[in-house]
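Commentary on secondary and tertiary structure
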Amino acid sequence: MSEPANDEDRLRRLVSAPTGNWDPVALRAGALICITFAVPFRLLAAALGDQGALDIVFFLVFLACFVVGAGTASWVQRCGTPMSHALVTAAGTFIAVEAVFVAVRLVRGTEVPWLAIMFTLTIVVMAGLVGGFLGNRLHARGAVPSIWR
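The structure presented is a predicted model; accordingly, all values stated were derived computationally and were not measured. (Residues numbered from 1 in each chain as written. Predicted model: local features only at pLDDT ≥ 70, side-chain atom pairs only at ≥ 80, totals over all residues. Heavy atoms only, no water.)

1. Some points on the packing of aromatic side chains
Under the defined criterion, the tally for this structure stands at four aromatic pairs. Measuring from centroid to centroid gives 6.4 Å for Phe62 and Phe94, while their planes differ by 70°, and the two rings are edge-to-face. Of this pair, Phe62 sits in helix H3 (residues 53-76) while Phe94 sits in helix H4 (residues 82-108), and the two are 32 residues apart along the sequence. The pair Phe62 / Phe94 is uniform in exposure class, with both members buried. (Phe/Tyr/Trp six-rings, centres within 6.5 Å; stacked < 30°, edge-to-face > 60°. Helix = DSSP H or I, 4+ residues; strand = E, 2+ residues; numbered from the N terminus. Buried < 20%, exposed > 50% of the residue type's maximum accessible area, 1.4 Å probe, protein only.)

Here it is as structure tokens:
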């Protein structure tokens, strides 16, 4: 039987370079940011209902959360594919969270706005592109994430 890994070994595995095309640490970091910040704004907007101008503010903050999350994944990744990490983080997180909201609507028997979901996904992917660009610029300017130090 092997001995349990100590904290130093766990940290080394966490920050060691990935061997494949995807960096799970970067994807997890970006998705965690997207979920942590975007979901509460999505829930609050749904609870308040149709408020006109307030809906636009919530939607812009919602998109900003995806820009930051995708930018984080783009910046933290160590595979040399910042845009791929940003797009997968933004689109994947949105699809996963929206699937839960769709399931709740189906269980409750309310209408699912499929066209609105597809439109929002398109906008979230654009936010992911912006985040990917910003994360890549941080990388190019030499800014180093704290997990690399």
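2. Examining the state of the cysteines
In the structure shown here, the tally under the stated rule is zero disulfides. Cys34 takes part in no disulfide bond, and the closest cysteine sulfur, belonging to Cys65, lies 7.8 Å away. A relative accessible area of 0% places Cys34 in the buried class. (Disulfide = S-S within 2.5 Å.)

3. Observations concerning empty space enclosed by the protein
Within the structure shown, the criterion is met by one cavity of 30 Å³ or more. Each pocket or cavity is described by its volume, and for the largest cavity that value is around 70 Å³. Lining the largest cavity are Cys34, Ile35, Ala38, Val39, Arg42, Phe62, Phe66, Thr93, Phe94, Val97, Glu98 and Phe101. Looking at the lining of the largest cavity, the elements with two or more residues in it are helix H2 (24-48), H3 and H4. (1 Å grid on protein atoms, 1.4 Å probe; cavity = no way out; pocket = protein on both sides within 12 Å on 5 of 7 lines; lining within 4 Å. Points joined across faces, edges and corners; volume = space filled by probe spheres on them.)

4. Examining the side chain of Thr89
Locating Thr89 in the fold gives a position in helix H4. Using a relative accessible area of 2% as the deciding quantity, one classes Thr89 as buried.

5. A word on the side chain of Thr120
Its location among the elements puts Thr120 in helix H5 (residues 114-140). For Thr120, a relative accessible area of 14% corresponds to the buried category. Those residues within four positions of Thr120 in sequence are excluded, and the remaining contacts are Phe59, Phe62 and Phe94. (Contact = heavy atoms within 4.5 Å.)

It is worth stressing that arrangement in space is one thing and function is another; only the former is reported here.
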